[in-house]
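# Summary of structural features
As a plain string of letters, each chain reads:
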Amino acid sequence: NIAILYLESFNTNYTKKGGSHFKDLTPNIDLFIEKSVLFTNYFNAVSPTHNSIISSWCGIFPELGDNYVRENKDYTKSLTCFSDILNSLGYTQKFFFGHGAWYGGVNLFLKNHSYEQVTELSQIGKEFPEWLKNRHEWGIQDTDLSRYVIGQIEQVGNNQPFNIGVFYINTHPPFFNAPDCPKYVLDNTKNLHLQSIQCVDHAVGMVLQTLKKRGLMENTVVVVVGDTPGKDLEKGQFLPYNKTLLSIYSPDLKPGINETFSYSPDLGPTILEAMGI
């Protein structure tokens, strides 16, 4: 199986092994990295999100405006992308967003490339209207997205092999913090960005713990990856082609550091290699 957890605007140096100077900022991801391969020189080749996902899946360098995919509905259909290969091998494929995946045509792109289910804010809001009460300007909170995905894992876990994708967005500027996330206080002061990072970490931990409890970590490759760079906590600015987080777990991989320089077009082939394909 494969589970890919995409983190909005998430740098390598938000994590302990990636060089963070902020104590216990990402405890769940840090624990995951200890058992995974951390790619310390993974860069995004394109931005924003929709370009990054297309680049990762299809091994290309798209530089598309927000409306391009929606207006050119056959874009990339002639390409064999990561999920098309998994589809040919009989994978059940689902992707989950807590916000509107129509933005940038991401939902259309994924459906064009063999995802049988792309669930976004509108569907989740109909099923769980109570989650809309705590929503932010982009969509539902990441912890509620994790609750939804956990319910889906309970179903899809009986229909293996599967490819599940999740996109977390609380670290998107201006940064959001779910009410049930731990509060991160630094030197008696609150920092909204740091809180959002820890909130995403908490939400990711919910899914990782579920995979472990279900015994799925024994036959699942898990990828935790940033879509594009976030604010550099050391330099206090957004760097357009900064290092983004990439950590890959597989029961067949020896944990450690991989210093290979790589970019978003390399992600699909790298995951397939980790899966033994």
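For clarity, every value in this text was computed on a predicted model and none was experimentally measured.

### Some points on the packing of helix H7 (residues 142-156) against helix H8 (residues 192-213)
Helix-helix packing is characterised by the crossing angle of the two axes and by the distance between the axes. Packing of H7 against H8 leaves a shortest axis separation of 8 Å and a crossing angle of 15°. It follows that H7 is roughly parallel to H8 by the angle criterion. As for the relative orientation of H7 and H8, their crossing is right-handed in sense. Seen from H7, the contacting residues are Asp142, Thr143, Ser146, Arg147, Val149, Ile150, Ile153 and Glu154; seen from H8, they are Val200, His202, Ala203, Val204, Met206, Val207, Thr210 and Leu211. Partitioned by chemical class, the residues of the contact of H7 with H8 number 9 nonpolar, 4 polar and 3 charged.

### Considering the side chain of threonine 228
As for its placement among the helices and strands, threonine 228 is situated in the loop between strand E9 (221-226) and strand E10 (231-232). We classify threonine 228 as buried; its relative accessible area is 6%. Ignoring any residue separated from it by four or fewer positions in sequence, one finds threonine 228 in contact with Glu8, Ser9, Phe10, Asn44, Val46, Ser47, Pro48, Thr49, Ser52 and Thr244.

### Thoughts on H8
A rise of 1.5 Å per residue sets the reference length of H8, with its 22 residues, at 32 Å; its end C-alpha atoms lie 32 Å apart and thus fit the reference within 8%. Within H8, 17 of the 22 residues are buried, leaving the element largely enclosed by the surrounding structure. Within two residues after H8, glycine 215 carries a phi angle of roughly 75°, on the positive side.

### Observations concerning the pattern of salt bridges
Summed over all chains, the structure comprises 4 salt bridges. Residue lysine 17 pairs with glutamate 34 through a salt bridge whose shortest N-O separation is 3.8 Å. Note that lysine 17 is positioned in the loop between strand E1 (2-7) and helix H1 (27-34) and glutamate 34 in helix H1, a separation of 17 residues in sequence. With relative accessibility at 45%, the residue glutamate 34 sits in the partly exposed group. Aspartate 144 is the partner of arginine 147 in a salt bridge, and the nearest nitrogen-oxygen pair spans 2.7 Å. Of this pair, arginine 147 and aspartate 144 both sit in helix H7, 3 residues apart, which is roughly one turn of the helix.

### Considering unusual backbone geometry
In this model, serine 47 is joined to proline 48 through a cis peptide bond whose omega is 5°. Position of proline 48 relative to the elements: it lies in the loop between strand E3 (42-43) and helix H2 (49-58). In this model, proline 173 is joined to proline 174 through a cis peptide bond whose omega is 10°. One non-glycine residue with positive phi stands out, namely serine 9, at about 50°. Even without being glycine, threonine 76 reaches a positive phi, approximately 70°. Along the chain, the position of threonine 76 falls in the loop between helix H3 (68-71) and helix H4 (82-88). Owing to a relative accessible area of 6%, threonine 76 belongs among the buried residues under this scheme.

Criteria and thresholds
- Residues numbered from 1 in each chain as written.
- Predicted model: local features only at pLDDT ≥ 70, side-chain atom pairs only at ≥ 80, totals over all residues.
- Heavy atoms only, no water.
- Axes fitted to C-alpha atoms, helices over the stretch in contact; angles between N-to-C directions.
- Helix = DSSP H or I, 4+ residues; strand = E, 2+ residues; numbered from the N terminus.
- Parallel < 35°, antiparallel > 145°, perpendicular 65-115°, else oblique.
- Left-handed = near helix turned anticlockwise from the far one by under 90°.
- Contact = heavy atoms within 4.5 Å.
- Nonpolar A, V, L, I, M, F, W, Y, C, P; charged D, E, K, R; others polar.
- Buried < 20%, exposed > 50% of the residue type's maximum accessible area, 1.4 Å probe, protein only.
- Expected span 1.5 Å × (residues − 1).
- Salt bridge = Lys/Arg side-chain N within 4 Å of Asp/Glu carboxyl O.

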